[in-house]
Amino acid sequence: MGFLGTPLGWIMKFLYQFIPNYALVLVLFTLLVKLALFPLNVKQQKNSAKMAIFNPKLKQLQKQYGKDKQRYQEEMMKLYEEEGYNPMSSCLPTILQMVVLFGIIDVVYRPLKHLLSIPSDLIQQATKALTDAGAKVASNAELLIVNIIQGNDKQYSAQLFEDIFSEDIIEKIQSFDISFLGLNLGEIPTWTFPILLIPIISGITSLLVSVFSMHQQKKNGMLEQQAGMGAMKVMMYGMPIFSAFIAFSLPAGAGFYWIVSNIFSLIQTIILYTVYAPEKIKEKVAKEMEEKKKSQKKSRYRQALEIARQQQAAKEAAQENSNGKANQKPKKESKKPLSDPEELTNSQILALARKRMADKYGDETDNS
């Protein structure tokens, strides 16, 4: 995840120059991320209000076209377009937060590169020295180097790096404050106190955010009881457990970021449901949707759909008239019936097609 960690590392390095404390830099960085994503979260709140408005309309479509899945999908897309609603837009804040999380994991694993700006070739030499000494080195090489130089890891001696790092670099690493309230954030949590508090608190705060958010959505009518509620409850309780499990497999710094992020998310959710009250948003969204619906022009999708329906209806009308002619007994009149497709003009066929569409699909095509 180096390509994600590099830009985040620049930001954290800038913050570290003013606040030389690893934990406080993570807190400040998390706050900046939340502030940057806040407008998207407001938009997500509006989309939730739109969804609450859409639910009765979607249920009506399902009741009307439930047996015809293709027609139901067409009408649902048409409704989304008319009302200016994108069901995928609410996923954007979550996706961005996951991207930031993966970037933070890279920064946490590689503090020598991202925060202390130690040259990569020196880090590689130090990693090789550890490997030659019998250390099991994976992605935690830089954290292991920090812990050895700071005396937190007694298994190896800091003398391994005397010929690699200069005195200035050694001093820089020794003064690198990677702890928070006595917890080493460069250590991978185990079932020992107090380091196990990091993944446990991470899971608890994640659960609090999920429960509070779902409670508010139900309270404000933005989340209706439906068939998918069971899966949502599994996600609500399963994700905190999963986050705690992941926090046990990553350095404590990643779990600490997760805790801080969850706390800020809870505060942000409270603000969203207080300042941006759902009932007010519903009224505002309903007005915006109505105005947009009046001024909106037909999209290419709707135009193509209507043309396809007209062509299909014209074809069916012509076929019916041909079949009707074949079943009729020959008459003495010299003129063919006007309904004969061979004698109909294009405008007459189109008129028949539109009549057939009106009979089949309702008045919506004529009105459009």
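Residues numbered from 1 in each chain as written. Predicted model: local features only at pLDDT ≥ 70, side-chain atom pairs only at ≥ 80, totals over all residues. Heavy atoms only, no water.

Asker: Hey, could you run me through the overall build of the protein in this one?
Answerer: When helices and strands are counted, the protein shows 15 helices and two strands. The long-range fraction of contacts in the protein, counting pairs at least 24 apart against all pairs at least 6 apart in sequence, stands at 73%. For the protein, the accessible surface area stands at approximately 21700 Å², while carbon and sulfur atoms represent 59% of it. (Helix = DSSP H or I, 4+ residues; strand = E, 2+ residues; numbered from the N terminus. Contact = heavy atoms within 4.5 Å. Areas by Shrake-Rupley, 256 points an atom, 1.4 Å probe, with all protein chains shown as cover.)

Asker: Looking at this model, I keep getting lost on unusual backbone geometry. Mind explaining?
Answerer: In most cases, non-glycine residues show a negative phi, while peptide bonds are predominantly trans. For the bond running from Phe193 to Pro194, omega is 10 degrees, close enough to zero to count as cis. Notably, Ser117 is not glycine yet its phi reads approximately 55 degrees, a positive angle. Looking at where Ser117 falls in the secondary structure, it is placed in the loop between α5 (111–114) and α6 (120–132). With relative accessibility at 35%, the residue Ser117 sits in the partly exposed group. We note that Leu181 has phi near 55 degrees; this positive angle belongs to a residue other than glycine. Assignment of secondary structure puts Leu181 in the loop between β1 (179–180) and β2 (183–184). For Leu181, a relative accessible area of 75% translates into the label exposed. (Buried < 20%, exposed > 50% of the residue type's maximum accessible area, 1.4 Å probe, protein only.)

Asker: Honestly, the environment of Asp153 in this entry has me stumped. Any pointers?
Answerer: One can find Asp153 in the loop between α7 (141–149) and α8 (167–174). Dropping the residues within four chain positions of it, Asp153 is found in contact with Leu144, Asn147 and Ile148. Within the local environment of Asp153, its side chain forms a polar contact with the backbone nitrogen of Gln155, the two atoms lying 2.9 Å apart. (Polar contact = N/O pair within 3.5 Å; in protein donor to acceptor, adjacent residues only side chain to side chain.)

Asker: Would you mind going over helix α9 (residues 197–219) with me for this structure?
Answerer: Helical geometry note: an α-helix holds 3.6 residues per turn, so side chains three or four residues apart project in the same direction. Helix length check: α9 (23 residues) gives 32 Å between terminal C-alpha atoms against 33 Å at 1.5 Å per residue, within 8%. What α9 keeps buried is the set Ile198, Pro199, Ser202, Gly203, Thr205, Ser206, Val209, Met214, Gln216 and Gln217. (Expected span 1.5 Å × (residues − 1).)

Asker: Could you clarify how one ought to interpret the packing of aromatic side chains in this entry?
Answerer: We describe a pair of aromatic rings using the distance from one ring centre to the other and the angle between the two ring planes. Inspection of the entire model under this criterion finds six aromatic pairs. Ring centres 4.7 Å apart and planes at 50 degrees place the aromatic pair Phe180 and Phe256 in the tilted group. Linking Phe180 in strand β1 with Phe256 in helix α11 (residues 252–275), this pair joins segments that are 76 residues apart in sequence. Residue classification places Phe256 among the buried positions, given a relative accessible area of 6%. Through a chain of ring-to-ring contacts, three or more aromatic side chains come together here, namely Tyr16, Tyr22 and Phe176. (Phe/Tyr/Trp six-rings, centres within 6.5 Å; stacked < 30°, edge-to-face > 60°.)

Asker: Honestly, the packing of α9 against α11 in this entry has me stumped. Any pointers?
Answerer: Across the interface, α9 lies against α11 with an axial gap of 9 Å and an inter-helix angle of 20 degrees. Compared by their axis directions, α9 and α11 come out roughly parallel. Judged by the twist between their axes, the crossing of α9 over α11 is left-handed. Every residue of α11 that contacts α9 at Ile198, Ile201, Ser202, Thr205, Ser206, Leu208, Val209, Phe212, Ser213, Gln216 and Gln217 is listed here: Ala252, Gly255, Phe256, Trp258, Ile259, Asn262, Ile263, Ser265, Leu266, Thr269, Ile270 and Tyr273. (Axes fitted to C-alpha atoms, helices over the stretch in contact; angles between N-to-C directions. Parallel < 35°, antiparallel > 145°, perpendicular 65-115°, else oblique. Left-handed = near helix turned anticlockwise from the far one by under 90°.)

Asker: Just checking my understanding: could you explain helix α4 (residues 92–109) for this structure?
Answerer: With 18 residues, α4 extends 26 Å from end C-alpha to end C-alpha; this agrees with the ideal 26 Å at 1.5 Å per step. Turning to α4, its buried residues are Pro93, Val100, Leu101, Gly103, Ile104, Ile105, Asp106, Val107, Val108 and Tyr109.

Asker: Which parts of the structure should I look at to understand the confidence of the model for the protein?
Answerer: If pLDDT is low for a region, its predicted coordinates should not be looked at in detail. For the protein, per-residue confidence averages 77 on the pLDDT scale, and residues scoring 70 or more make up 70% of the total. For the protein, helix α15 (residues 364–367) is the element with the lowest average pLDDT, namely 45, and α8 is the one with the highest, namely 92. Below pLDDT 50 for its whole length, residues 332–343 participates in 14 contacts with residues either more than four positions away or in separate chains. Within the model, pLDDT remains below 50 along residues 363–368, and this stretch shows eleven contacts once partners closer than five positions in the same chain are excluded. (pLDDT = per-residue confidence, 0-100.)

Asker: Would you mind going over the packing of α6 against α7 with me for this structure?
Answerer: Helix-helix packing is characterised by the crossing angle of the two axes and by the distance between the axes. Put simply, α6 and α7 touch, their axes get as near as 10 Å, and they point 75 degrees apart. When the axis of α6 is compared with that of α7, the two are roughly perpendicular. Here α6 contributes Ile123, Ala126, Thr127 and Leu130 to the contact with α7, which in turn contributes Ala141, Glu142, Leu144, Ile145 and Ile148. Of the residues that constitute the contact of α6 with α7, the class distribution is seven nonpolar, one polar and one charged. (Nonpolar A, V, L, I, M, F, W, Y, C, P; charged D, E, K, R; others polar.)

Asker: What am I meant to see in the pattern of salt bridges here?
Answerer: Opposite charge on two side chains lets them pair, provided their charged atoms get close. Under the counting rule described, the total for this entry stands at three salt bridges. Salt-bridge contacts for Arg110 lead to Asp106; the nearest nitrogen and oxygen are separated by 3.5 Å. Classification of Asp106 by relative accessible area gives buried; the value is 9%. Two residues, Arg110 and Glu142, come together in a salt bridge whose shortest N-O distance is 3.9 Å. Taken together, the residues span a long stretch of sequence, with Arg110 in the loop between α4 and α5 and Glu142 in helix α7 at a distance of 32 residues. Members of the salt-bridge network, linked through shared partners, are Asp106, Arg110 and Glu142. (Salt bridge = Lys/Arg side-chain N within 4 Å of Asp/Glu carboxyl O.)

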